[in-house]
Amino acid sequence: MKAVFAHDHVFVGDGSFFYSRSGLPESVLRRYADAFDCLDVVCRSIYSQNFDLEPIIDKRINFFPQTNVRSLKGIAQYLRVKKNISSLIDGADVVIARLPSSLGRIAAAEARKQGKNCLVEVVGNAYEASRLHGSRVGKLVAPVEHYLTAREISSASDVMYITKEYLQEVYPTKGRSYICPNVKILPIPSADLIRRIESFSPGRAKKIGLIGSLDVN
């Protein structure tokens, strides 16, 4: 079987391999490849040779970078990008559309149009992502992005949420829903756990950290 995975994730390419700076390394993409044998990844990309990342070398995973249709220049390429995605879905058995994202939304709509099985993964709030992007364009399109994302999720047959309640309340669906947090927590060595507990003793300085990606605007 072949699956198409669509998301606006920006992979780094050097002409030979693709690399993920966060979120979608080979270990994550391999989960889909293991389930469907072959995975076509619809994404965005930038070219660079100055980085220290692990290459994605699994031959079952193929990349099909598209123009950023959310930019003022890229929106003129919308129909071409839609045609590219439609062609990939035509040769696939399953579509996985990760939302919020423009490419994921196009893929979900095309899958429904072609009658292909589609799983929509809901991994964030489209309004917040656009509103807090840091640009004027992001603030302007936030309500539109929120509406389009909500409409796609509402009409999807199968939806997977990474939260227990929050995203389900923001983006309810009429289809089947599942909960699957997209985290990977490794076991903690006993010595590290003990040291961590001791750090919360009265009088010790407290540290505040951020869990998340810094590779965003």
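This report concerns the structure included in the present document. No experiment lies behind these values; they were computed from the predicted model shown.

### A word on the state of the cysteines
Alright, step 1. Summed over all chains, the structure comprises 0 disulfides.
Alright, step 2. With no disulfide of its own, Cys38 lies closest to Cys43 among cysteine sulfurs, the gap being 14 Å.
Alright, step 3. Overall, the relative accessible area of 0% leaves Cys43 in the buried class.

### A look at the pattern of salt bridges
Alright, step 1. Following the criterion strictly, the structure yields 11 salt bridges and no others.
Alright, step 2. The residue Asp58 makes a salt bridge to Arg60 at a minimum N-O spacing of 2.8 Å.
Alright, step 3. For Asp58, a relative accessible area of 14% translates into the label buried.
Alright, step 4. Linked through salt bridges whose partners overlap, the residues forming this network are Glu26, Arg30, Asp34, Asp58 and Arg60.

### Concerning the nonpolar core
Alright, step 1. Counting residues in hydrophobic clusters, the biggest one holds 27 residues, and the most contacted among them are Val42, Ile85, Cys118, Val120, Val122, Ile153 and Val159.
Alright, step 2. For this core, the secondary structure elements donating two or more residues are strand S1 (2-13), helix H2 (78-90), strand S5 (94-99), helix H3 (102-114), strand S6 (117-122) and strand S7 (158-161).
Alright, step 3. Setting aside residues up to four positions removed in sequence, Val42 forms contacts with Val4, Phe5, Ala6, His7, Phe64, Gln66, Ile85, Leu88 and Leu103.
Alright, step 4. In this structure, Phe11, Val41, Ile56 and Ile96 belong to the second largest nonpolar core, which totals 17 residues.

### Concerning the packing of H2 against H3
Alright, step 1. Interaxial distance between H2 and H3 falls to 9 Å at its minimum, and their mutual angle equals 55°. Relative to H3, the element H2 is oriented oblique. Where H2 crosses over H3, the two elements pack in a sense that is right-handed. Across from Tyr78, Val81, Lys82, Ile85, Ser86, Ile89 and Asp90 in H2, the residues of H3 making contact are Leu103, Ile106, Ala107, Glu110, Ala111 and Gln114.
Alright, step 2. Grouping the amino acids of the contact of H2 with H3 by side-chain chemistry returns 8 nonpolar, 2 polar and 3 charged.

### Side note on the packing of aromatic side chains
Alright, step 1. Enumeration over the complete set of coordinates arrives at 3 aromatic pairs.
Alright, step 2. With centroids separated by 5.1 Å and ring planes inclined at 45°, the aromatic side chains of Phe5 and Tyr32 adopt a geometry described as tilted. Residue Phe5 is found in strand S1, and its partner Tyr32 is found in helix H1 (residues 26-36); the two are separated by 27 residues along the sequence. The pair formed by Phe5 and Tyr32 is uniform in burial state, with each residue classed as buried.
Alright, step 3. Here Phe11 and Phe63 contribute two aromatic rings whose centre-to-centre distance is 4.9 Å and whose plane-to-plane angle is 65°, an arrangement assigned as edge-to-face. One end of the pair, Phe11, is in strand S1; the other, Phe63, is in strand S4 (residues 61-65), and 52 residues separate them in sequence.
Alright, step 4. One aromatic cluster in this structure is built from Phe11, Phe18 and Phe63.

### Some thoughts on the side chain of Glu121
Alright, step 1. Inspection of the secondary structure puts Glu121 in strand S6.
Alright, step 2. The class of Glu121 is buried, set by a relative accessible area of 2%.
Alright, step 3. A polar contact is formed between the side chain of Glu121 and the side chain of Tyr32, at a distance of 2.6 Å.
Alright, step 4. Ignoring anything within four residues of it in the chain, the contact list for Glu121 reads Phe5, Tyr32, Ile96, Ala97, Arg98, Leu99 and Met160.

Thresholds, definitions, all that
- Residues numbered from 1 in each chain as written.
- Predicted model: local features only at pLDDT ≥ 70, side-chain atom pairs only at ≥ 80, totals over all residues.
- Heavy atoms only, no water.
- Disulfide = S-S within 2.5 Å.
- Buried < 20%, exposed > 50% of the residue type's maximum accessible area, 1.4 Å probe, protein only.
- Salt bridge = Lys/Arg side-chain N within 4 Å of Asp/Glu carboxyl O.
- Core = buried A, V, L, I, M, F, W, Y, C linked by side-chain atoms within 4.5 Å.
- Helix = DSSP H or I, 4+ residues; strand = E, 2+ residues; numbered from the N terminus.
- Contact = heavy atoms within 4.5 Å.
- Axes fitted to C-alpha atoms, helices over the stretch in contact; angles between N-to-C directions.
- Parallel < 35°, antiparallel > 145°, perpendicular 65-115°, else oblique.
- Left-handed = near helix turned anticlockwise from the far one by under 90°.
- Nonpolar A, V, L, I, M, F, W, Y, C, P; charged D, E, K, R; others polar.
- Phe/Tyr/Trp six-rings, centres within 6.5 Å; stacked < 30°, edge-to-face > 60°.
- Polar contact = N/O pair within 3.5 Å; in protein donor to acceptor, adjacent residues only side chain to side chain.

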